[in-house]
Amino acid sequence: MKDILPEQTVRWQWLEQQFRSIVERYGYWEVRTPLLEATELFEREIGETTDVVEKEMYSFERHDDRLTVRPEGTAGTARAFVQGKVMNLQPITRWYYIGPMFRAERPAKGRYRQFHQAGCEIYGDEGPLCDAELIAMCAKILKALGVGDVAIHVNSLGSGGIRERYRDALHAFLLPHREALSEDSQRRLHTNPLRVLDSKSKQDQEVVAEAPSVLELLEPEDTEHFEGLKRHLDALGVDYVVDDRLVRGLDYYTRTLFELKTTTDELGAQSTLIGGGRYDNMVQNLGHKKGVPAIGFAMGLERILALAGETGELPGPSCYFVPMTEPAQVRALVLAERLRDAGIYCEVDGRGTSVKSMMRRADSMNSRVCLLLGEDELAADKITVKDLAAGEQEEVAQDQLLLAVRARLRTSAPNVDAKPAPKAEKGAGTDD
Ligand code: AMP
């Protein structure tokens, strides 16, 4: 679990802003659900034999409730959808969320115990048109974030009992090869053979290379759905590969399944940036009398940030007050409030230190204008406006300060672009 310090927060805000602005153009609205849900929700929806439920959830009991800190966003969002009776309001609902998730996984590069996901869910549309649109939107988000070298994998797990039939077929295929499998996969062979398919172990991969394909088991209407998905992706000009080994780690998926992976090896084994799929049975499982088809995805923000392009930087204050005496500090406080009320970002240096060190801080914060207040200025109701970008200064009446600052901010170059975000100032904290 990591702290995100302000210098990094700027990148996070940028990423979240890019995500919001794209998905909102597709009609998604933000939903915020609690971090805690009933443990049973995840056991039922994600599946008891999945890694997440078996060994990664942070769960506890309190006042006879079994609770879990959410390991993912889909189950809680679907619960909110059913509990809020949202299906009675609109035939189609498009929601997004951004927030922390928690899994007690073995930490690795790109794998954390508290990590952040941004995700989208669509309820009420069977697809495959909306499936293709959702995948294309994922590609667009990664492009906007400057994440290149991405491969899109798609598969279908079919509907009805196909998943179970495939599980049996895989079990029957793997059983004679039992000895050749890794220890983990030998165990999974009985509990959840689908998981053997996406094992990272080389010995397992050699065995599953010959395994039957789920696509061969699909019913005609599932095949038609999958063909529709591919047709729409082609129409949108989205490059993808059909990957019949793609199963993903959560049990709730039906039909469309997809992942966007980085093709660079920067994240080692954690190459999946976005994972998603259809979960047409969840809403009914959660107690709604009628099924509501649904599809969604989640993207891992840490992984994407590790690959994302350069982002905005922390802007410094436009105006930096340098008061030289105690009465000047009081005056600066009042004047700064007036500027802030007019929408100008300013800071008052109240340290009572030397002009030189206050000016140095103004410079390291990328301020555009320094406002100097000494004894003389105070006595004459004036203030010195020093334009750091233009290297000029003028003395103005204090009641003309807003006008003077506005004029300076209009003409001086926005130096937030010219310099890096403020780093620790040399000698910070020491008085000279
Ligand atoms: P999932 O909810 O397992 O389908 O994962 C969706 C995405 O969340 C993955 O593709 C990752 O980008 C991200 N993710 C999942 N688990 C972790 C983790 N432990 N640490 C960092 N990112 C994660």
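Asker: Any details on the site of the ligand? Residues and values, ideally.
Answerer: Near the ligand, the surroundings consist of 14 residues, among which R103, E105, Y112, Q117 and R248 are the closest. Taking R103, its side chain carries an N or O atom lying 2.8 Å from an oxygen atom of the ligand. Interatomic distance of 2.6 Å between a side-chain N/O atom of E105 and a nitrogen atom of the ligand. Those elements that place two or more of their residues in the shell around the ligand are β6 (114-123), β10 (272-278) and β11 (294-300). Counting residues per element, the shell around the ligand draws most heavily on β10, at three residues. Of the residues belonging to the shell around the ligand, the class tally is five nonpolar, four polar and five charged.

Asker: Talk me through helix α6 (residues 162-174); I want residue IDs and the actual numbers.
Answerer: For α6, with 13 residues, the first-to-last C-alpha span of 18 Å sits near the 18 Å given by 1.5 Å per residue. Listed in full, the buried residues belonging to α6 are I162, R163, Y166, L170, F173 and L174. Each buried residue of α6 lies within a common arc of 95° when the element is viewed along its axis, so the set occupies one face. The outward face of α6, more than 90 degrees from its buried face, is lined by the exposed residues D168 and A172.

Asker: So what about the sheet that holds strand β8 (residues 241-242)? Which residues, and what values?
Answerer: Here we have eight strands laid out as an open sheet, ordered β1-β5-β6-β11-β10-β9-β7-β8, and mixed in their pairing. For this open sheet the edge positions go to β1 (29-30) and β8, each flanked by a neighbour on one side alone. Judged from the five bridges that link them, β10 and β11 form a sheet pairing that is antiparallel. By the bridge assignment for β11, G276 is matched with F297. The sheet contacts of helix α1 (residues 6-25) involve β1, β5 (93-102), β6 and β11, and relative to β5 the element is tilted by about 160°.

Asker: So what's going on with the pattern of salt bridges? Which residues, and what values?
Answerer: Oppositely charged side chains are able to pair whenever their charged atoms sit close together. By the definition in use, this model includes 30 salt bridges. Here D222 ties to R255 by a salt bridge, and the two come within 2.8 Å at their closest N and O atoms. Placement of D222 in helix α10 (residues 220-235) and of R255 in strand β9 (residues 254-262) is noted, with a sequence separation of 33 residues between them. Of the two residues, D222 and R255, neither departs from the other in class, the shared state being buried. D244 serves as the salt-bridge partner of R245, at 3.2 Å between the closest nitrogen and oxygen. On the accessibility criterion, D244 (22% relative accessible area) is partly exposed.

Calculation notes
- Position numbers for residues start from 1 in each chain and track the written sequence from start to end.
- Where local features are concerned, this predicted model is filtered to residues with pLDDT of at least 70; where side-chain atom pairs are given and counted, the filter is 80 or more; whole-chain, interface and lining totals use all residues.
- Water and hydrogen atoms play no part in the side-chain values, which are based on all heavy atoms of the structure.
- Here a residue is considered near a molecule or strand provided that any single heavy atom belonging to it is located within 4 Å of it.
- By the criterion applied in these results, polar contacts are pairs of N or O atoms within 3.5 Å in which, for protein atoms, one can donate a hydrogen and the other can accept it, and in which residues neighboring in sequence qualify only through two side-chain atoms.
- A run of DSSP states H or I qualifies as a helix once it reaches four residues; a run of E qualifies as a strand once it reaches two. Both are numbered from the N-terminal end.
- Here the term charged refers only to Asp, Glu, Lys and Arg, the term nonpolar to Ala, Val, Leu, Ile, Met, Phe, Trp, Tyr, Cys and Pro, and the term polar to all other amino acids, Gly among them.
- Each helix should span, by expectation, one fewer than its residue count multiplied by 1.5 Å.
- Think of it in three bands: residues with accessible area under 20% of the maximum for their type are buried, residues over 50% are exposed, and the middle band is partly exposed, with areas taken using a 1.4 Å probe on protein chains only.
- This arc describes the spread of directions from the helix axis toward the C-beta atoms.
- Two strands pair under a simple rule: DSSP has to find at least two bridges between them.
- Contacts are assigned to residue pairs that have any heavy atoms within 4.5 Å of one another.
- Lines fitted to C-alpha atoms define the axes, with helix axes restricted to the stretch in contact, and inter-axis angles between N-to-C directions lie between 0 and 180 degrees.
- Basic side-chain nitrogens of Lys or Arg form a salt bridge, by our definition, when they fall within 4 Å of a carboxyl oxygen of Asp or Glu.

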